[in-house]
Amino acid sequence: MNKIWNGQMMTMTSSPWNLTGEDEEYHDTALEHGWECPADPVQQDIDEAEAPLGHQPIVEKFPRHHAGAPVHHSRTTAFESYKNILQGAENVWAPFESRIDYEVAKWAKLRGSGSTAFSELLAIDGLREALGLSYQNSRELNQVIDQQLPSLYSDPEFSPHLNYAPERHYADADKTILNWWWSTQATWILLAYLPTSKLDHITNKAARRRTATNLFHTCLRHILEPLKVPGEDGVAMASGDGVVRRGHPIVACYSADYPEQLLTTGIKSGECPKSWEVRIFQVNLRDLNAILAALSLIDEDYDLWRRACQECGIKPVFKPFWLDLPYTNIFQSITPDVLHQLYQGIIKYLIEWIKEACSEAEIDARCRRLPPNHNIRLFLKGISHLSRVSGTEHNQICRFLLGIVIGIQLPGNLNNGRLTRAIRGILDFLYLAQYPSHTDQTLVLLDDALTRFHNNKDIFLDLGIHSNFNLPKLHSFRHYVHMIKMYGTTDNYNTEYTERLHIDLTKDAYRATNHKDEYSQMTLWLERREKMLWHDNFVKWRLVGDLASQERSPPDMDYRRAIKMTKHPTVKRVPLDRIVQDYGATFFTAALARYVVGRNQPGLSAVQLEREAAHIILPFDTDKHGHTIPARFDTVLVNEGDGGITGVDVRVVFTLTTQATNLLFPAGPVKPPAHLAYVEWFTPFQQPESHHGLYKISRLMCHGERLASIIDVSDIRRSVHLFPNFGAVVPREWMSSTVLELCPSFFVNSFSDRHAYLTIV
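## A word on the overall build of the protein chain
A tally of regular secondary structure across the protein chain gives 29 helices and 21 strands. Counting all 761 residues of the protein chain, 47% fall into the buried class. When contacts within the protein chain are restricted to residue pairs at least 6 apart in sequence, long-range pairs at least 24 apart make up 73% of them. Surface accessibility of the protein chain: about 38,500 Å² in total, with carbon and sulfur atoms responsible for 52%.

## What about the nonpolar core?
Residues Phe400 and Phe460 are the most contacted members of the largest nonpolar core, which totals 86 residues. Excluding residues that lie within four positions of it along the chain, Phe400 makes contacts with Cys367, Leu370, Ile376, Arg377, Phe379, Ile383 and Phe723.

## So, unusual backbone geometry
Of the consecutive residues Ala94 and Pro95, the connecting peptide bond is found in the cis state with omega at 5°. One can find Pro95 in the loop between helix H3 (78-85) and helix H4 (99-110). With a phi close to 55°, Leu199 is a non-glycine residue in the positive phi region. Mapped onto the secondary structure, Leu199 falls in the loop between strand E6 (178-180) and helix H8 (205-224). Judged by its relative accessible area of 10%, Leu199 falls in the buried class. Positive phi outside glycine occurs at Asn413, with the angle close to 55°. Within the fold, Asn413 resides in the loop between helix H16 (391-398) and helix H17 (416-433). The exposure class assigned to Asn413 is exposed, which follows from its relative accessible area of 66%.

## Some remarks on empty space enclosed by the protein
Over the atoms a probe the size of a water molecule is rolled, and this reveals where empty space is left. The final tally for this structure, using the stated rule, is four cavities of 30 Å³ or more. Of the voids in this model, the largest cavity is the one considered here, and its volume is about 130 Å³. Lining the largest cavity are 16 residues, and of these Gln261, Pro273, Gln341, Pro472 and Ser476 sit closest to its centre. Of all the secondary structure elements, the ones that give two or more residues to the lining of the largest cavity are helix H10 (258-265) and helix H20 (472-475). Take the lining of the largest cavity: its biggest share by element is three residues, from H20. A per-class count over the lining of the largest cavity returns seven nonpolar, six polar and three charged.

## Quick look at the sheet that holds strand E21 (residues 745-749)
Spatial strand order, E15-E21-E20: three strands in an open sheet with antiparallel pairing. Each of the sheet's edge strands pairs with one partner strand only, and the pair in question is strand E15 (696-698) and strand E20 (721-724). Strand-to-strand, the axes of this sheet are offset by a mean angle of 45°, without reference to chain direction. Inspection of the sheet shows E15 paired to E21 by three bridges, in the antiparallel sense. Looking at E21, one finds that Ile697 is bridged to Phe746.

## Focus: the environment of Glu527
With respect to the helices and strands, Glu527 occurs in helix H23 (residues 518-544). Look at Glu527 and you get partly exposed, because its relative accessible area is 35%. Expressed as a C-alpha distance, the spacing of Glu527 and Asp146, which sit 381 residues apart in the sequence, is 8.8 Å.

## Focus on the confidence of the model for the protein chain
Averaged over all residues, the pLDDT of the protein chain is 82; the fraction at 70 or higher stands at 82%. Across residues 177-184 the pLDDT falls below 50, and counting only partners more than four positions away or on other chains, this stretch makes 48 contacts in the model. Under a pLDDT of 50 for its full length, residues 621-631 has, in the predicted model, 13 contacts with residues more than four places off or in other chains.

## Here's the deal with a positive patch on the surface
A cluster of basic side chains, namely Lys205, Arg209, Arg210, Lys268, Arg306 and Lys315, defines a positive patch on the protein surface. It is H8 that contributes the most residues to the positive patch, three residues altogether. For Arg306, the position within the fold is in helix H12 (residues 302-312).

## Details of the packing of helix H18 (residues 440-456) against helix H21 (residues 480-487)
Across the interface, H18 lies against H21 with an axial gap of 10 Å and an inter-helix angle of 155°. By the angle class used here, H18 and H21 are roughly antiparallel. For the pair H18 and H21, contact is made by Asp440, Leu443, Leu446 and Asp447 and by Tyr480, Val481, Ile484 and Lys485, respectively. Residues that form the contact of H18 with H21 fall into these classes: five nonpolar, no polar and three charged.

## Digging into the environment of Thr420
Along the polypeptide, Thr420 turns up in helix H17. Residue Thr420 is classed as buried on the basis of its relative accessible area of 1%. Each C-alpha atom of the pair Thr420 and Leu402 lies 6.8 Å from the other, and the pair is 18 residues apart in sequence. Setting aside chain neighbours within four positions, we find Thr420 in contact with Leu402, Val405, Ile406, His691 and His692.

## Points about the pattern of salt bridges
By the definition in use, this model includes 26 salt bridges. Across the salt bridge formed by Glu225 and Lys228, the nearest N and O atoms sit 3.1 Å from each other. On the accessibility criterion, Glu225 (39% relative accessible area) is partly exposed. Because the salt bridges share partners, they merge into one network encompassing Asp649, Arg651, Glu680, Arg699, Arg706 and Glu741.

## Focus: the sheet that holds strand E18 (residues 708-712)
Overall, antiparallel pairing links the five strands, which are arranged E18-E14-E13-E12-E19 in an open sheet. The strands lining the two open edges of the sheet, one partner per strand, are E18 and strand E19 (716-719). Strand-to-strand twist across the sheet, computed as the mean angle between neighbouring axes with direction ignored, equals 45°. Judged from the three bridges that link them, strand E12 (residues 634-639) and E19 form a sheet pairing that is antiparallel.

## Examining the environment of Asp715
Looking at the element boundaries, Asp715 is found in the loop between E18 and E19. It is 9.8 Å that separates the C-alpha atoms of Asp715 and Ile645, two residues lying 70 residues apart in sequence. In this view, Asp715 contacts Leu637, Val638 and Asn639; residues no more than four positions away in its chain are not counted.

## Side note on the pairing of strand E7 (residues 235-238)
As defined by bridge partners, E7 adjoins strand E8 (residues 243-249) across four bridges and the pair is classed as antiparallel. Of the residues in E8, the one forming a bridge with Ala236 is Arg246. Hairpin connection of E7 to E8: four residues between the antiparallel strands, including Gly242 at a positive phi of 90°.

Quick notes on the rules
Residues numbered from 1 in each chain as written. Predicted model: local features only at pLDDT ≥ 70, side-chain atom pairs only at ≥ 80, totals over all residues. Heavy atoms only, no water. Helix = DSSP H or I, 4+ residues; strand = E, 2+ residues; numbered from the N terminus. Buried < 20%, exposed > 50% of the residue type's maximum accessible area, 1.4 Å probe, protein only. Contact = heavy atoms within 4.5 Å. Areas by Shrake-Rupley, 256 points an atom, 1.4 Å probe, with all protein chains shown as cover. Core = buried A, V, L, I, M, F, W, Y, C linked by side-chain atoms within 4.5 Å. 1 Å grid on protein atoms, 1.4 Å probe; cavity = no way out; pocket = protein on both sides within 12 Å on 5 of 7 lines; lining within 4 Å. Points joined across faces, edges and corners; volume = space filled by probe spheres on them. Nonpolar A, V, L, I, M, F, W, Y, C, P; charged D, E, K, R; others polar. Pairing = 2+ DSSP bridges. Axes fitted to C-alpha atoms, helices over the stretch in contact; angles between N-to-C directions. pLDDT = per-residue confidence, 0-100. Patch = residues over 30% accessible without salt bridge, like charges linked within 9 Å, V, L, I, M, F, W, Y side chains within 5 Å. Salt bridge = Lys/Arg side-chain N within 4 Å of Asp/Glu carboxyl O. Lys, Arg positive; Asp, Glu negative; His and termini not counted. Charge placed at Lys NZ, Arg CZ, Asp CG, Glu CD. Parallel < 35°, antiparallel > 145°, perpendicular 65-115°, else oblique.

And the structure:
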């Protein structure tokens, strides 16, 4: 059976799978109706594995109606309750007097400069009166926000997108291929600022580390204390549409980098914070019951407590915050982290190993000679000199990393194929791990990619770069399949989000303070911003009203793309001789003539088309005025008309004048499209190369000349990036701007973006 594993990090549950009471009946019923845990996945071809992800599934609701059922309906949405609280609600802009009054306030809190600068702006003589503002300075504006804007913590706009019970999804109408999409929701809310004191007054390093650890757990224990009772017994929770359901807020996932994972679980550095052992399709988590029993000895015997913790493989931490939280297994809650484990982990190591294995000068030379593409960042100074590389930069390097090592000469003439297979395995794992939806088959592909890396990683040992691979971040990859099945896809617990929110919620908030007693100022600054954001949603609701409810659709991997053309061309009225000379469109005239004949007389044979094209006269003048155009050409994939795709080099995108169109297509069955492209063809895709799995292409020649055509722009499917076939040593006369002309063959880059990875198999 083919199951889709999708969803977001679960921070609150109204699931039927509680462990005691009447919920046992739910569990029995679930098994009756076939809601059993998934079987181990089986190997499938990649096309078959990804096929169910490209369309919406057939949804079957959970058989028991109790799951996620409402217990009360107030029939008053959050916006309506907000309006009832708001004074002067008959005014759409209340508590502000007018639209200008409101818009200026919103700008000041969400986009404006500091409070002092805003007060000085309003102090300009006549400005406040001219705009009709109800406040004279930042202090008065803050009073309006603090005293007259209520807090709104449930957004009605989210209600149609929330699901409160499990669902069973099928990839076909006959319900023979089963997909699972667990409808759990994720959001990020700032709860508290934790102290970051280095405790320098404690001179003993071991005592300082213990104190810092205990301080961390004490703070989190205090923050999460309110979850204990409602997590155990449940609590009535209202959604934005006014419906009240019984929910159990629990700590389900813990997203953090490796040092914080160790701090949270109490595991020693160098070890896995989740398990003692990981097998391909089996994860053996640490024994929570034994660890809880050891930690409970702190109140009985200090020495016995320390020994018991050591035997369980954890540090003696005084009452960790997760010790008595309901339904929480912290070792299961630790989630994968794409940012730190992949981009800032194994990818970082891999780049360093490649630089050490190959000449840095050769690596940089290849980076400087990659052709440009809008999905590729060109490192024209190379990558060997980079320091303090960010996750974003590692992401950008991953897009061409495989291309710069294909065929490169290794010390001792070692086999380059093993190196490219190892890199391809890690890159496949990286891209598959970030799928927004999964089937059991794609999870098998994920694990197979990791296996390919392990089967070829000894190349780094043979090169003398590494002595072992006892890397916690590499070990963590064996958890990905299990955790995706448990908590959904990795985009829901990637620390990239919290790293970004650190800027919004901490750095920006700190800059808005006077740096004295900053925490209270930061929280107040954030509260005012959030109130303005909520109020902005409320104002939009007042202006537009309730939107028509839309059917909730699970995400899929059908990346819809559309061609967008600029409103105005770069150059107008370009003569033919300049098209040939400046754009390298050598056979433009002949290609356009063939296109005209093909549109006007469809059905001609190739010989007849060539004969008729020889008599076409193109009605263009040869005015020599115009601008100098830099020679920048793009490679794209085009639809061949038979369902296949192939690569072309786009030299010119153009539009015929109305006069030329009328002369060339006087009575054709269909007028030509507005935008046309002159392209030069590459050879069709054959079988991918064995070591790196990329398609090899070259220029398509006819009688010693490049084969060129005019095509409709609508036939272009997407941009595509090409890796030059550099060989053992890159020719130094090649440049980034000329490599498409000078290089005889290329490899099609399937890693330029996620859509390319799905499209170019």
